[in-house]
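# Secondary and tertiary structure notes
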Amino acid sequence: MPLRRRQFLQLGCSIAWALPAWADAAAQPAGGSLQLWAGQVMQHGHVDAQGPQARFFDPRGLARDPRNGDILVADAANAMVRRISSSGAVSSVAGVPLLRRTVEGPAAKAGFVGPDAVAMGEDGSLYISDSYANTLRVMRDGRVSLLAGADGLPGYADGSGARARFNHPVGITVDPRSGELLVADAYNHTVRAVDRAGRVRTLAGSPGISAHRDGPVAQALFNTPVGVAVDHAGNVYVSEYFNHDVRRITPDGQVQTVAGMPGKPGDVDGPALRAQLRRPQQIAFDASGALWIADAGNYQLRRLGSDGVLGTVAGSPGAEIARPGPLPGALGAPYGVAAGPDGSVAVSSGQAVLLVHPARG
């Protein structure tokens, strides 16, 4: 799979791990810990197995299955979707290992080019952003089909199904209010919305213009949006790789910066609008309403609380080699993030999926 198109969106890391992957949350130290959950960070492949015996090949976006709490994984270079149960058991959901071409049909025979993110609706529909193919796919009733976009044809167009165009769609999530799929269309610098029938519309941003402007959605500008999440009030949050910030699209159509200093990368905790991020990747809410940010450029996992304060939970700046154990440890370059089992946070980094157990109390 060619990697040039995504190279600037990925930071490599080298991490060695030896901790048990499925330790009970009650056994975690009060100050929190960082553990391997599934796969081995420095060993790639395709193996369905328990915890460290499993293998991934460039795992990226993560999403929680709302039906049972399992974590779904966009296993990009394997060109597959995988699943991790709460006990750490890894199984294959869709795709053929290393096929790397578009094939519709039964999940076990379907083909992807380079899936970057996954999302699941309350109805069990599984959505996949196949970034290298510039398409969005959907799995329903065990079959994978095109939802929107044209295989191998980057561009920009609203419309239905194959008439729509995307340019490297990355992060996706399902809006629980409308059932629409929200898409961070990275190289178009826009946020898109797709209904169940595959009809695409632009929610915010101007295609081809990379900048930063808050205000009404019709006037707002973005720079390489890569992550998207929705809170309980229906606000859409967007992480921007090259603006180094997080934005919010309100239900009444206003775009606001909520964390980071646009265009000013850095590593600063504190009140969110005075804090700094560096090339944030994907984002996700937990049950308490806190927003978790894979701050790839700082090698950290950050948390934006309801109090408007941005804090570092795991990872150390510049530390590409992990130190498992008590937090903050060293995380490498995180990419995907999702609420994990027992109050933990799942993070993809290297060739593995890790669990961050935040401090208790």
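Residues numbered from 1 in each chain as written. Predicted model: local features only at pLDDT ≥ 70, side-chain atom pairs only at ≥ 80, totals over all residues. Heavy atoms only, no water.

### Here we look at the overall build of the protein chain
If you tally the helices and strands in the protein chain, you get zero helices and 29 strands. Scaling as 2.2 N^0.38, a compact globule of 361 residues should have a C-alpha radius of gyration of about 21 Å, and the protein chain matches this with 18 Å. With 361 residues in all, the protein chain has 60% of them scored as buried. Put simply, of all contacts in the protein chain between residues at least 6 apart along the chain, 48% involve residues at least 24 apart. (Helix = DSSP H or I, 4+ residues; strand = E, 2+ residues; numbered from the N terminus. Rg over C-alpha atoms; globule rule 2.2 N^0.38 Å. Buried < 20%, exposed > 50% of the residue type's maximum accessible area, 1.4 Å probe, protein only. Contact = heavy atoms within 4.5 Å.)

### Observations regarding the sheet that holds strand E8 (residues 126–130)
As summarised here, the arrangement of the five strands in space is E6-E10-E9-E8-E7, forming an open sheet in which the pairing is antiparallel. On the outer flanks of this sheet lie strand E6 (105–106) and strand E7 (115–120), each paired with one strand and no other. In this sheet, strand E10 (residues 143–149) lies alongside E6 in antiparallel orientation, the contact comprising two bridges. Paired with Gly105 across the two strands is Val144, which belongs to E10. (Pairing = 2+ DSSP bridges.)

### A few points about the sheet that holds strand E27 (residues 337–339)
Whenever strands of a sheet pair, they do so through backbone hydrogen bonds, lying parallel or antiparallel. The strand order across the open sheet formed by five strands is E26-E1-E29-E28-E27, and the pairing between neighbours is antiparallel. This sheet does not close on itself; its edge strands, each paired only once, are strand E26 (325–326) and E27. In the sheet, strand E1 (residues 33–38) pairs with E26 via two bridges, with the strands oriented antiparallel. Pairing of Ser33 across the sheet is with Pro326, part of E26.

### Observations concerning the confidence of the model for the protein chain
Of all residues in the protein chain, 91% attain a pLDDT of 70 or more, and the chain-wide mean is 91. Under a pLDDT of 50 for its full length, residues 1–26 has, in the predicted model, 95 contacts with residues more than four places off or in other chains. (pLDDT = per-residue confidence, 0-100.)

### Let's talk about unusual backbone geometry
Look at the link from Leu327 to Pro328: it is a cis peptide, with omega at 10°. With respect to the helices and strands, Pro328 occurs in the loop between E26 and E27. Despite not being glycine, Arg279 has its phi angle at roughly 50°, a positive value. One can find Arg279 in the loop between strand E21 (270–271) and strand E22 (280–285). Here Arg279 falls in the partly exposed class, since its relative accessible area comes to 24%.

### A few points about the packing of aromatic side chains
In the structure shown here, the tally under the stated rule is two aromatic pairs. A ring pair is formed by Tyr237 and Phe285, whose centres lie 5.1 Å apart and whose planes are at 80°; its orientation type is edge-to-face. Separated by 48 residues along the polypeptide, Tyr237 in strand E18 (residues 236–240) and Phe285 in strand E22 bring together distant segments of the chain. Per residue, the accessibility class of Tyr237 equals that of Phe285, and both read buried. Here Tyr241 and Phe242 contribute two aromatic rings whose centre-to-centre distance is 5.0 Å and whose plane-to-plane angle is 85°, an arrangement assigned as edge-to-face. (Phe/Tyr/Trp six-rings, centres within 6.5 Å; stacked < 30°, edge-to-face > 60°.)

### Regarding the nonpolar core
Trp292, Leu301, Val337, Val345, Val347, Leu354 and Val356 are the most contacted members of the largest nonpolar core, which totals 17 residues. Of all the elements in the fold, those that place two or more residues in this core are E1, strand E25 (309–314), strand E28 (345–349) and strand E29 (352–357). Grouped together as the second largest cluster of nonpolar side chains are 16 residues, Leu72, Phe112, Ile128 and Met139 included. (Core = buried A, V, L, I, M, F, W, Y, C linked by side-chain atoms within 4.5 Å.)

### Points about the pairing of E10
Residues in a regular strand point their side chains to alternate faces of the sheet. As defined by bridge partners, strand E9 (residues 135–140) adjoins E10 across six bridges and the pair is classed as antiparallel. Residue pairing across strands places Thr135 opposite Gly149, the latter belonging to E10. The loop that links E9 with its antiparallel partner E10 comprises two residues; one of these, Asp141, has a positive phi angle of about 55°.

### What to know about the environment of Ser129
One can find Ser129 in strand E8. Taking the C-alpha atoms as reference, Ser129 lies 8.8 Å from Ala119; in sequence the two are ten residues apart. Dropping the residues within four chain positions of it, Ser129 is found in contact with Gly114, Pro115, Asp116, Ala117, Thr135, Leu136, Pro169, Val170 and Ile172.

### Concerning the pattern of salt bridges
In total, this model carries 20 salt bridges according to the counting rule given. A salt bridge links Arg196 to Asp123; the shortest N-O distance between them is 2.2 Å. Placement of Arg196 in the loop between strand E14 (190–194) and strand E15 (199–205) and of Asp123 in the loop between E7 and E8 is noted, with a sequence separation of 73 residues between them. Overall, the relative accessible area of 44% leaves Arg196 in the partly exposed class. Judged by its relative accessible area of 47%, Asp123 is partly exposed. Through salt bridges that share partners, Asp65, Arg67, Asp70 and Arg83 make up one connected network. (Salt bridge = Lys/Arg side-chain N within 4 Å of Asp/Glu carboxyl O.)

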